[in-house]
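# Survey of secondary and tertiary structure
So the chains spell out like this:
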Amino acid sequence: WAARLGAAELWEDKTAQHFAVTDSRMVVSGLAWFSEEKPVLRRLPSRMKDVLPPKVWGLAQSPSGARIRFVTDTATIAVVAQVQAPVMGWAANTANSGLDLYVDGGYYGSAPADAEGVIRKEWSIGKERKLREITLYLPMAKSIEIRDILIDQAAVVEAPRPFAVAKPVVYYGSSITQGVGTSNPGLVYPALLSRWLNVDFVNLGFSGNGFGEPALARAVAEIDAACFVVDYWANPSAAVYRDTLPGFIAILREKHPLTPIIVTGPYYNPSEDQPGEAGQRQIEKRVIAREFVAARRKAGDEHIVHVDGLEMLSKAEADGLRDARHANSMGCYFCAKGLEPYMRQALGLPAADGKRK
């Protein structure tokens, strides 16, 4: 590895501090089972492998939504990592297999992997030495091994600030939830909401494989969540969606009778304005989600809410679609903006003040 790194000031400094993701001063957020799996950065635990659909298990090896967080007064930070190669695929390279750096909640830079899956990046993060909160967003679609995190020799490292809510928001869904249409891992819509609301989150979106299976419901239900977002409308047929949604929610309710649950319906798809069955399926699933939640509430479940997907991405916001289906980075912003007031209400957070950081 030393031969491949080339000249980089922080690596050349023999006094630089080195950290692994297992270091207690590095907080790994967004991986509900990291305490079981460390140092492996995966979204579902290995003990579930034999009961999960094989494709879901494969997709769970990518740490979409996971973040490494800490506070430091370093002037420079560097990262060495190895990502599953090849790095190119159906998503933008940086989102697919790169890192995003946020400093004090604001975007600072990215580190895409090279053709061999190597990430090597150094950032100068300020003109003066002061405490700053560092957040590294991990790849959306590829597995990653963090080989090293380096900071200045004299720098201190402290725990990051607490979230506004102690428990995470847990999202279950499809490629839209996972974020395959975004340009950067920090722009997936759950990540946007996390920064706006200062809440933790777990992203259990699985590209092409959000079908609401009982095994996935049981996995989701293991997490002690502040709120569950059930967002898997995109993958199943209308019949499968109608059949699986009640059972999925029932499994969550068995372990979490009072936890807020938000069920999203389909956002706008151009197929709705075209002849053929695709658009009709979209419209039908929108009705299924709305009527299911209404029936649950009528039966006494006051802690479940339906969000019409058209409030997240409407026909007027169709520029937010990458391929007439997946939300691009702008579309993720629309989705987060539409979901935000419902999330604030579910979590007991004050209404937005109109200012967006």
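All figures in this text were calculated on a predicted structure; none of them were measured in a lab.

The next thing to look at is the overall build of the protein chain. Helix and strand content of the protein chain: 11 helices and 15 strands. Since a compact globule built from 357 residues should have a radius of gyration of about 21 Å, the 20 Å found for the protein chain is in line with a globular shape. By its C-alpha atoms, the protein chain is 65 × 45 × 40 Å across when sized along the principal axes. Relative to its full complement of 357 residues, the protein chain shows a buried share of 59%. Residue pairs in contact within the protein chain that sit at least 24 positions apart in sequence constitute 75% of those at least 6 positions apart. When the accessible surface of the protein chain is totalled, it reaches about 15,100 Å², and 52% of it is carbon and sulfur. For the protein chain, the distance from the average site of its 41 positive side-chain charges to the average site of its 40 negative ones is 1 Å.

Right, let's talk about the pairing of strand β5 (residues 99-103) for a bit. Successive residues of a regular strand alternate their side chains across the two faces of the sheet. Burial of β5 is extensive: 5 of the 5 residues sit out of reach of the surface. Neither face of β5 is left uncovered, since the one carrying L99, L101 and V103 and the one carrying D100 and Y102 both have all their residues buried. Across 5 bridges, β5 lies against strand β6 (residues 106-111) in antiparallel orientation. Each bridged residue has a counterpart across the sheet, and for D100 the counterpart in β6 is S110. In this sheet, strand β8 (residues 132-137) lies alongside β5 in antiparallel orientation, the contact comprising 4 bridges.

Here we come to the sheet that holds strand β13 (residues 227-231). Taken in spatial order, the 5 strands line up as β12-β11-β13-β14-β15 in an open sheet, and their pairing is parallel. Because the sheet does not close on itself, it has two edges, and the strands there are β12 (201-205) and β15 (304-307). On average, each strand axis in the sheet is inclined to that of its neighbour by 15 degrees, with strand direction left out of account. Of the strand pairs in this sheet, strand β11 (residues 169-173) and β13 are connected by 5 bridges, and their pairing is parallel.

Bringing the side chain of T264 into the picture now. Within the secondary structure, T264 sits in strand β14 (residues 261-264). For T264, a relative accessible area of 0% translates into the label buried. A polar contact is formed between the side chain of T264 and the side chain of D231, at a distance of 2.4 Å. Dropping the residues within four chain positions of it, T264 is found in contact with V229, V230, D231, W233, Y241, A289, V307, M312 and L339.

Parameters and conventions
Residues numbered from 1 in each chain as written. Predicted model: local features only at pLDDT ≥ 70, side-chain atom pairs only at ≥ 80, totals over all residues. Heavy atoms only, no water. Helix = DSSP H or I, 4+ residues; strand = E, 2+ residues; numbered from the N terminus. Rg over C-alpha atoms; globule rule 2.2 N^0.38 Å. Buried < 20%, exposed > 50% of the residue type's maximum accessible area, 1.4 Å probe, protein only. Contact = heavy atoms within 4.5 Å. Areas by Shrake-Rupley, 256 points an atom, 1.4 Å probe, with all protein chains shown as cover. Lys, Arg positive; Asp, Glu negative; His and termini not counted. Charge placed at Lys NZ, Arg CZ, Asp CG, Glu CD. Pairing = 2+ DSSP bridges. Axes fitted to C-alpha atoms, helices over the stretch in contact; angles between N-to-C directions. Polar contact = N/O pair within 3.5 Å; in protein donor to acceptor, adjacent residues only side chain to side chain.

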